[in-house]
Amino acid sequence: AQRVTQPEKLLSVFKGAPVELKCNYSYSGSPELFWYVQYSRQRLQLLLRHISRESIKGFTADLNKGETSFHLKKPFAQEEDSAMYYCALLTSGTYKYIFGTGTRLKVLA
Amino acid sequence: DGGITQSPKYLFRKEGQNVTLSCEQNLNHDAMYWYRQDPGQGLRLIYYSQIVNDFQKGDIAEGYSVSREKKESFPLTVTSAQKNPTAFYLCASSMMRGLNTEAFFGQGTRLTVV
């Protein structure tokens with residue numbers, strides 16, 4: 001079955017501390033993985049995708065096919081990073097976009 | 001102004017009535033999606049469509065129906081068969097090819113059954 005798992009519903013860290021939001025996926029094909037973010041009162045929007053291998057707002061994520069993971073990391077959290085984060089999988093061929101249950105990140109001053 | 005528009009923002013429905021949520025995009029995207037967002041459950045896929053006049057059931061399609069008569073439009077009908085329809089509904093669209101498979105989301109429709 002195709003599935004995206006985000007084990008943490010809530011993650012609280014202090015400003016300046018490192019952040020890691022976990023994401024594991026289950027998919028037999030070649031996955032395309034994304035992280036989306038939803039700031040308060042804003043639309044859900046793309047943060048980054050594994051294909052681009054880019055760093056956005058200091059966040060990075062590496063696809064580990066052996067561990068079927070795509071964890072999101074940032075070395076030093078900022079208060080403005082507080083938001084809801086969703087990991088997503090796009091299946092090849094059927095183009096089914098599957099989202100995880102989300103992790104709320106709270107960065108404390 | 002390009003984007004994806006959902007309407008209305010808030011919708012109230014009496015039990016036993018069908019209701020249709022609108023989703024329109026002018027991004028020339030092939031794929032369109034409907035999700036239901038409930039607290040603690042993330043985004044659950046209701047229906048998706050890759051091309052006009054074709055669509056597939058997602059993980060929670062029971063009690064819902066869709067149509068895709070035009071590329072830019074993907075309305076969702078919440079039928080009286082849906083046991084727990086009160087929720088926040090999100091529509092999204094994306095390209096299906098190349099590097100730009102980013103999903104663009106609407107502002108959402110909050111449906112309340114009274």
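Residues numbered from 1 in each chain as written. Chains lettered and ligands numbered in written order. Predicted model: local features only at pLDDT ≥ 70, side-chain atom pairs only at ≥ 80, totals over all residues. Heavy atoms only, no water.

Colleague: Which residues make up the nonpolar core, and what values do they have?
Modeller: One recurring pattern in soluble globular proteins is that nonpolar side chains are buried together. If you look at the biggest cluster of nonpolar residues, it comprises 26 residues, and the most contacted ones within it are A:Trp35, A:Leu72 and A:Tyr85. The set of elements that each furnish at least two residues to this core consists of strand 2 (10-14), strand 3 (19-21), strand 5 (32-38), strand 6 (45-49), strand 9 (83-90) and strand 11 (103-108) of chain A. In terms of residue count, strand 9 of chain A provides more of this core than any other element does, 4 residues in total. Not counting chain neighbours up to four residues away, the residues in contact with A:Tyr85 comprise A:Gln6, A:Leu21, A:Trp35, A:Tyr36, A:Val37, A:Leu47, A:Phe59, A:Leu72, A:Gly102, A:Thr103 and A:Leu105. In terms of nonpolar packing, the next biggest core, distinct from the first, is built from 22 residues, A:Phe34, B:Ala31, B:Tyr48 and B:Ala103 among them. (Core = buried A, V, L, I, M, F, W, Y, C linked by side-chain atoms within 4.5 Å. Buried < 20%, exposed > 50% of the residue type's maximum accessible area, 1.4 Å probe, protein only. Helix = DSSP H or I, 4+ residues; strand = E, 2+ residues; numbered from the N terminus. Contact = heavy atoms within 4.5 Å.)

Colleague: Any chance you could break down the side chain of A:Thr103 for me, citing the residues and the numbers?
Modeller: All names here are of chain A. Note that threonine 103 resides in strand 11. Note on threonine 103: relative accessible area 0%, which makes it buried. At a separation of 2.6 Å, a polar atom in the side chain of threonine 103 contacts the main-chain carbonyl oxygen of glutamate 8. Setting aside chain neighbours within four positions, we find threonine 103 in contact with Gln6, Glu8, Lys9, Leu10, Leu11, Leu21, Ala83, Met84 and Tyr85. (Polar contact = N/O pair within 3.5 Å; in protein donor to acceptor, adjacent residues only side chain to side chain.)

Colleague: Pulling in residues and values, what's your account of the state of the cysteines?
Modeller: In this structure the tally under the stated criterion is 2 disulfides over all chains. The side chain of A:Cys23 participates in a disulfide bridge whose partner is A:Cys87; the two sulfur atoms lie 2.0 Å from each other. Classification of the bridge connecting A:Cys23 and A:Cys87 rests on its S-S torsion, roughly -65°, and on that basis the disulfide is left-handed. Of the two residues, A:Cys23 is situated in the loop between strand 3 and strand 4 (24-26) and A:Cys87 in strand 9; the sequence distance between them amounts to 64 residues. By relative accessible area, which is 0% here, A:Cys23 ends up buried. Residue pairing for B:Cys23: its cysteine sulfur links by disulfide to B:Cys91, the two sulfurs lying 1.9 Å apart. On the S-S bond that ties B:Cys23 to B:Cys91, the torsion sits near -80°, and the link is left-handed. Here B:Cys23, found in strand 3 (residues 19-25), pairs with B:Cys91, found in strand 9 (residues 87-94); they are 68 residues apart in sequence, far enough to count as distant. For B:Cys91, a relative accessible area of 0% gives the class buried. (Disulfide = S-S within 2.5 Å.)

Colleague: Quick one: what's the story with the environment of A:Gln6, residue by residue and with numbers?
Modeller: All names here are of chain A. Among the structural elements, glutamine 6 can be located in the loop between strand 1 (3-5) and strand 2. With 16 residues separating them in the primary sequence, glutamine 6 and lysine 22 have C-alpha atoms 5.9 Å apart. Aside from chain neighbours lying at most four places away, what touches glutamine 6 is Lys22, Trp35, Tyr85, Tyr86, Cys87, Gly100, Thr101, Gly102 and Thr103. Polar side-chain contacts of glutamine 6 include one of 3.1 Å to the backbone oxygen of tyrosine 85. Polar side-chain contacts of glutamine 6 include one of 3.5 Å to the side chain of threonine 103.

Colleague: Tell me what's going on with the sheet that holds strand 1 (residues 4-7) of chain B, and back it up with residues and numbers.
Modeller: Residue and element names in this part refer to chain B. If you walk across this open sheet you meet the 4 strands as 1-3-8-7, and the pairing is antiparallel. The sheet is open, and its two edges are formed by strand 1 and strand 7 (64-66), each paired on a single side. Each adjacent strand pair in this sheet contributes to an overall mean axis angle of 20°, direction not counted. Strand direction decides the pairing type here: strand 3 and strand 8 (residues 76-78), joined by 3 bridges, are antiparallel. Within strand 8, the position partnered with leucine 21 by the bridge is leucine 76. (Pairing = 2+ DSSP bridges. Axes fitted to C-alpha atoms, helices over the stretch in contact; angles between N-to-C directions.)

Colleague: Kindly report on unusual backbone geometry, identifying the contributing residues and their values.
Modeller: Leaving glycine aside, a negative phi is the common case for residues, and trans is the common case for peptide bonds. With an omega of -5°, the peptide bond between B:Ser7 and B:Pro8 qualifies as cis. Inspection of the secondary structure puts B:Pro8 in the loop between strand 1 and strand 2 (10-13). One non-glycine residue with positive phi stands out, namely A:Lys57, at about 55°. Among the structural elements, A:Lys57 can be located in the loop between strand 6 and strand 7 (60-61). The class for A:Lys57 is partly exposed, based on a relative accessible area of 49%. The backbone phi angle of B:Asn53 is positive, close to 65°, even though this residue is not glycine.

So, to be careful, I would describe these as geometric facts and stop short of saying anything about function.
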